[in-house]
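Fold and contact review
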Amino acid sequence: MAKGIVIREAHFPGRAPIEAYGNGGFRFADMSHRGSLLCLPSGIHGWEPADPSALTVADFERLLAQADKIEILLVGTGRDLRPLPAQLRAALKAAGIAADPMATGAAVRTYNVLLAEDRAVAAALIAVD
């Protein structure tokens, strides 16, 4: 018997370059996603920080659980560069992760280059319109 539509957490189980961004989402692996993304060693996950303008350690729990596989974190902070809060920066540093905030467009481009070089990179990308 048909079960109807099953809503699951957005997750792509692999690493893929980001093909496009804007209009509130991203394109990657011939798919599109509306909303923000966490690009991790375990795959690309839908991500909705509680307040994109004030990121917290709690917003990065999934990333911190994979810290042993990540050396560089690119944080796409939207249209404009916003510094990371001190508490978040300290938690990332304690986990051995170098975090680099930048506008989302710059983070996407840098992520794609580092991914192509097979670097231990992750990205937290806030969607832009």
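Structure: above.
If you're wondering where the values come from, they're calculated on a predicted model, not measured in any experiment.

Here we look at the sheet that holds strand β8 (residues 98-102)
Here six strands make up an open sheet; going across it, the order is β1-β6-β5-β9-β7-β8 and the pairing mixed. Strands with a single pairing partner mark the edges of an open sheet, and in this sheet they are β1 (11-12) and β8. Looking at chain direction, strand β7 (residues 72-76) and strand β9 (residues 121-125) are connected through five bridges and run parallel. Each residue of the ladder has a partner; that of Val75, found in β9, is Ala124.

Re the pairing of strand β5 (residues 36-40)
Burial within β5 is extensive, with five of its five residues counted as buried. Neither face of β5 is exposed, since Ser36, Leu38 and Leu40 on one face and Leu37 and Cys39 on the opposite face are all buried. With five bridges joining them, β5 and strand β6 (residues 43-47) adopt antiparallel strand pairing. When the sheet's bridge partners are listed, Leu38 is paired in β6 with His45. Here β5 folds back onto β6 in antiparallel fashion, the turn holding two residues.

A short note on the environment of Leu40
Counting through the fold element by element, Leu40 comes out in strand β5. In this structure, the C-alpha to C-alpha distance between Leu40 and Ala67, residues 27 residues apart in sequence, is 9.6 Å. For Leu40, the contacting residues outside a window of four places in its chain are Arg15, His45, Arg62, Leu63, Gln66, Ile70 and Ala122.

Considerations on the sheet that holds strand β4 (residues 31-34)
Taken together, the three strands give an open sheet; going across it, the order is β2-β3-β4, and neighbouring strands pair in antiparallel fashion. The sheet is open, and its two edges are formed by β2 (18-22) and β4, each paired on a single side. Neighbour-to-neighbour, the strand axes of this sheet turn through a mean angle of 15°, independent of strand direction. Taken together, the four bridges between strand β3 (residues 25-28) and β4 define a ladder with antiparallel strand orientation. Bridge assignment links Phe28 to a residue of β4, and that residue is Met31. Here helix α3 (residues 104-116) sits on the sheet in contact with β2 and β3, set at roughly 180° to β2.

Considering the side chain of Ser36
With respect to the helices and strands, the residue Ser36 is situated in strand β5. Its relative accessible area of 5% is what places Ser36 among the buried residues. Those residues in contact with Ser36 that sit more than four places away from it in its chain are Phe26, His45, Gly46, Trp47, Glu48, Pro49, Leu125, Ile126 and Ala127.

Overview of the environment of Phe12
In this fold, Phe12 is placed in strand β1. Residues Phe12 and Ser42 lie 30 residues apart in sequence; the distance between their C-alpha atoms is 8.7 Å. Beyond its immediate stretch of four places on either side in the chain, Phe12 contacts Phe28, Ala29, Met31, Ser42, Gly43 and Ile44.

Notes on the packing of aromatic side chains
Working definition: an aromatic ring pair is given by the centre-to-centre distance plus the angle between the planes. Enumeration over the complete set of coordinates arrives at two aromatic pairs. For the pair Phe12 and Phe28, a centre-to-centre distance of 5.9 Å together with 70° between the ring planes defines the contact as edge-to-face. You can see Phe12 sitting in strand β1 and its partner Phe28 sitting in strand β3, a full 16 residues away along the chain. Given the relative accessible area of 22%, Phe12 is considered partly exposed. Residue classification places Phe28 among the buried residues on the basis of a relative accessible area of 5%.

Reading guide: rules and limits
Residues numbered from 1 in each chain as written. Predicted model: local features only at pLDDT ≥ 70, side-chain atom pairs only at ≥ 80, totals over all residues. Heavy atoms only, no water. Pairing = 2+ DSSP bridges. Helix = DSSP H or I, 4+ residues; strand = E, 2+ residues; numbered from the N terminus. Buried < 20%, exposed > 50% of the residue type's maximum accessible area, 1.4 Å probe, protein only. Contact = heavy atoms within 4.5 Å. Axes fitted to C-alpha atoms, helices over the stretch in contact; angles between N-to-C directions. Phe/Tyr/Trp six-rings, centres within 6.5 Å; stacked < 30°, edge-to-face > 60°.

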